[in-house]
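Structural features, examined
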Amino acid sequence: MLELRGISKIYNPGTVTELCLFDDFSFKVADGECVSVVGSNGSGKTSMLNIICGSIPVSGGEVLIDGKNINSLREYKRYRMIGRVYQNPAAGTCPDMTILENMSLADNKGKRYGLSFGVNNSRKNYYKEQLSSLGLGLEDKLDAKLGALSGGQRQAVSLLMATLTPIDFLILDEHTAALDPRTAEIIMELTDKIVKEKKLTAIMVTHNLRYAVEYGTRLVMMDKGNIILDKSGKEKQDVKVEDILDIFNKISIECGN
Amino acid sequence: MLFFATTIDGLQMGLCFAVLALGVYISYSILDFPDLSVDGTFPLGGVVCTILMLRLGIPALPAILLSFFAGLAAGAVTGVLHVKFGISKLLSGIIVMTALLSVTLALTKLLTKTGLTTTIFSFRSENLEGLFSGGASRLLGDSNRDYMILIIELIFVIAVKLIIDLFLKTKLGYMVRATGNNEMLVVSLGRDSGTYKILGIALANGFVAMSGALYSNLYSQYDNSSGSGKVVMALASVIIGIAVFSKIKFMGNTTAVILGAVIYSLCLNYLVLVDTNGIYLKLLNAVLFAIILIFNEKTSGFITGRQKARRGQAKC
């Protein structure tokens, strides 16, 4: 279980650009839940993910995993239990290394990175199997550099790499936003398949309201550092895209737009 | 005849600097770290090797290999300054380079005490030839010693190249490559990218120091100012090598870097033929480097321009 308790986050404290994003913000994700998070720009979605992953420090409050405070746990140590896919397809892979090398790197997560050979040939078939599940024909391009692949292909490999080893949480940070609609659809279906197959606890930030409604077991909407909508179970299934769009418009009108 | 001798000289120098270039290839190309401490670690390797050979009587080859660790330590300092204390890449290099100027002077002083040298800035000693004066160097007869030196150097350089190639294929090597390529990925894999950065820079400077040690063996002299301009020389070698040779299929980057170092040294040696007084040598050196960089930019721009044109045609 992941919990944010009484989080406050102030950007640029003590300066004219001081911005208080979170003030006593709390959020809980139970094991096995798949939460879609929507909200306008600046509502704190990505900041929330960064706080969970330890990419930015909190000004107050606690980040807890299974009841244990991980506030002082460094970012790279948190990633031992977290897999993350970024908006930028280039962020999750090494462009100058081949698909095989990238897969080997990801496959070794949690183990020692010592002086043994980077590629374990006996694992090649396993990688091919995993890559063929993407249905993009990448299993025949093991020696191609990642940088030579298209954004969609790279994002698919990123997703595979982030979930190749056992993880407790999968963080999806607008991971379809930089892709064309058709590729985004493929990646979203893949994500759903992987999350269900591996029974992952996932948090997905997205601007695509349809994805938020269609996928996941829980829907959360954020605005100015607060959760203004939180539906799960049966309630979530009844939510329609139009309903969320209505709320979105209301918020915007309140802001005077 | 002079041209021929210059060529042999250039080849000898080039192979010696190939080790330097291979080190800088690790820091500059793989880690994307323009490391200025190279100017300090090069003479450091030279002086450490000299002390080991002349004061402690250690044979040349182990002395050269041991000097690797001196560079390793100095490189680690650069890495720690940058990673742990957040000092910028260039400044951490400059700090270590400056500090090493004193360190090498202090170390050279150890040699003056024994009467091996009268100044603390440089000295010559036939005993320093070590690696290139033994029985092996006379295998082809005294008159062919120059060729034998080339062969010994070549074996040495190939060994270094193979070790680096092998290292870059290990899991640890993958992480060093990933750190230079996409630091975020290393963090995502649950590892501290800073550690790999420090390791990479330390290794790079280890090879640089080894090149300095080789240099003092090659010319049987040590010079405190031998480090100046080595960053430029190494970068030029790496850039030429990769720009010219990496397009050839089946040629690895490390081989390309070695060839780059040899070509650059040959060019420098031919410049000496033109500028016999050596006054404009550094200037010519810089101009040569600038030409290479401009040429490199031009060709890559040209290629993309052509690709654009091709794409345009495809659309029509």
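Residues numbered from 1 in each chain as written. Chains lettered and ligands numbered in written order. Predicted model: local features only at pLDDT ≥ 70, side-chain atom pairs only at ≥ 80, totals over all residues.

A count of helical and extended segments in chain A gives 9 helices and 10 strands. For 257 residues, the compact-globule estimate of 2.2 N^0.38 gives 18 Å, and the C-alpha radius of gyration of chain A, at 19 Å, lies within 12% of that figure. Projected onto its principal axes, the C-alpha positions of chain A cover 55 × 40 × 35 Å. Counting across all 257 residues of chain A, residues that qualify as buried make up 40%. Of the contacts made within chain A by residues no fewer than 6 positions apart, 69% connect residues no fewer than 24 positions apart. (Helix = DSSP H or I, 4+ residues; strand = E, 2+ residues; numbered from the N terminus. Rg over C-alpha atoms; globule rule 2.2 N^0.38 Å. Buried ≥ 20, exposed ≤ 12 C-beta atoms within 10 Å, placed from the backbone. Contact = placed C-beta atoms within 7 Å.)

It is worth spelling out the overall build of chain B at this point. When helices and strands are tallied, chain B shows 11 helices and 2 strands. Overall, chain B shows an N-to-C arrangement of helices and strands of α-α-α-α-β-α-α-α-α-β-α-α-α. When the 316 residues of chain B are sorted by exposure, 47% land in the buried category. When contacts within chain B are restricted to residue pairs at least 6 apart in sequence, those whose partners lie at least 24 apart make up 75%.

Moving on: the sheet that holds strand β4 (residues 60-65) of chain A. In a beta sheet, neighbouring strands pair by backbone hydrogen bonds and run either parallel or antiparallel. Residue and element names in this part refer to chain A. A sheet is described by the order of its strands in space; here 4 strands give the open sequence β2-β1-β4-β5, paired in antiparallel fashion. Of all the strands in the sheet, the pair left with one neighbour each is β2 (19-29) and β5 (68-69). Of the pairings in the sheet, the one linking β4 to β5 comprises 2 bridges and is antiparallel in character. Bridge assignment links leucine 64 to a residue of β5, and that residue is asparagine 69. Against the sheet, helix α1 (residues 45-53) touches β1 (2-11), β2 and β4, its axis set at about 115° to β1. (Pairing = 2+ DSSP bridges. Axes fitted to C-alpha atoms, helices over the stretch in contact; angles between N-to-C directions.)

This brings us to the packing of helix α3 (residues 60-83) of chain B against helix α8 (residues 193-218) of chain B. Residue and element names in this part refer to chain B. Between α3 and α8, the least distance of the axes is 6 Å, while the angle of their chain directions is 145°. Crossing handedness for the pair α3 and α8: right-handed. Residues of the contact of α3 with α8, tallied by class, amount to 21 nonpolar, 9 polar and 1 charged. (Left-handed = near helix turned anticlockwise from the far one by under 90°. Nonpolar A, V, L, I, M, F, W, Y, C, P; charged D, E, K, R; others polar.)

Facing the 25 residues of chain A at the interface are 19 residues of chain B. Among the secondary structure elements, those contributing two or more residues to the side of chain A that touches chain B are α2 (75-78) and α3 (99-107) of chain A. Its residues assigned to classes, the side of chain A that touches chain B shows 11 nonpolar, 7 polar and 7 charged.

Attention shifts here to the sheet that holds strand β7 (residues 169-173) of chain A. Residues and elements named next belong to chain A. Spatially, β6-β7-β8-β3-β9-β10 is the arrangement adopted by the 6 strands of the open sheet, whose pairing is mixed. Sheet topology places β6 (82-85) and β10 (226-232) at the edges, where each strand pairs with a single neighbour. The sheet shows a mean angle of 15° between the axes of neighbouring strands, direction not considered. With 4 bridges connecting them, β6 and β7 associate as parallel partners. Directly across from arginine 84, in β7, lies its bridge partner isoleucine 171. This element, α1, spans β3 (34-39), β6, β7, β8 (201-205) and β9 (218-223) of the sheet and lies at about 145° to β7. Helix α5 (residues 151-162) contacts β6 and β7 of the sheet and is inclined by roughly 175° relative to β6.

Time to look at the nonpolar core. With 154 residues, the main nonpolar core has Ala18(B), Val19(B), Ala21(B), Leu22(B) and Val24(B) as its most contacted residues. Sequence-distant contacts of Ala18(B), that is, excluding residues within four places in its chain, are made with Val157(B), Ile258(B), Ala261(B) and Val262(B). (Core = buried A, V, L, I, M, F, W, Y, C linked by C-beta atoms within 7 Å.)

Moving on to α8(B). Since the α-helix turns once every 3.6 residues, residues separated by three or four places project in the same direction. Residues and elements named next belong to chain B. Between its first and last C-alpha, α8 extends 38 Å over 26 residues, near the 38 Å set by a 1.5 Å rise per residue. Most of α8 sits out of view: 24 of its 26 residues are buried. Where α8 ends, the next residue or the one after it, serine 220, has phi of about 40°, a positive value. (Expected span 1.5 Å × (residues − 1).)

A few words on unusual backbone geometry. For Lys224(A), which is not a glycine, the phi torsion comes out positive at approximately 45°. Along the chain, the position of Lys224(A) falls in the loop between β9 and β10. A positive phi is found at Ser220(B), a non-glycine position, where the angle reads about 40°. Residue classification places Ser220(B) among the partly exposed positions, given that 17 C-beta atoms sit within 10 Å.

Checked against the element boundaries, Phe117(A) lands in the loop between α3 and α4 (124-132). Residues Phe117(A) and Leu64(A), 53 residues apart in the sequence, show an inter-C-alpha distance of 37 Å. Contact partners of Phe117(A), with chain neighbours within four places excluded, come to Lys169(B) and Thr170(B).

Before going further, it helps to spend a moment on the pairing of β3(A). Residue and element names in this part refer to chain A. Among the 6 residues in β3, 6 count as buried, and that is most of the element. As judged from the 4 bridges shared by β3 and β8, these two strands associate in the parallel manner. Paired with cysteine 34 across the strands is alanine 202, a residue of β8. As paired elements, β3 and β9 share 5 bridges and run parallel to each other. Within β9, the residue paired with valine 38 across the bridge is methionine 221.

Turning our eyes to something else, we now look at the confidence of the model for chain B. Residues and elements named next belong to chain B. In this model, chain B carries a mean pLDDT of 84, and residues with pLDDT of at least 70 account for 84%. Confidence drops under a pLDDT of 50 for residues 301-316, and excluding neighbours within four residues, the segment shows 0 contacts in the predicted structure. On the interface metric, ipTM, the complex scores 0.88, and its pTM is 0.87. (pLDDT = per-residue confidence, 0-100.)

We now examine the packing of helix α2 (residues 38-54) of chain B against helix α9 (residues 230-245) of chain B. Residues and elements named next belong to chain B. Interaxial distance between α2 and α9 falls to 8 Å at its minimum, and their mutual angle equals 100°. Relative to α9, the element α2 is oriented roughly perpendicular. Between α2 and α9, the contacting residues are Val38, Asp39 and Phe42 on the first element and Lys230, Val231 and Ala234 on the second. Class assignment of the residues belonging to the contact of α2 with α9 gives a composition of 4 nonpolar, no polar and 2 charged. (Parallel < 35°, antiparallel > 145°, perpendicular 65-115°, else oblique.)

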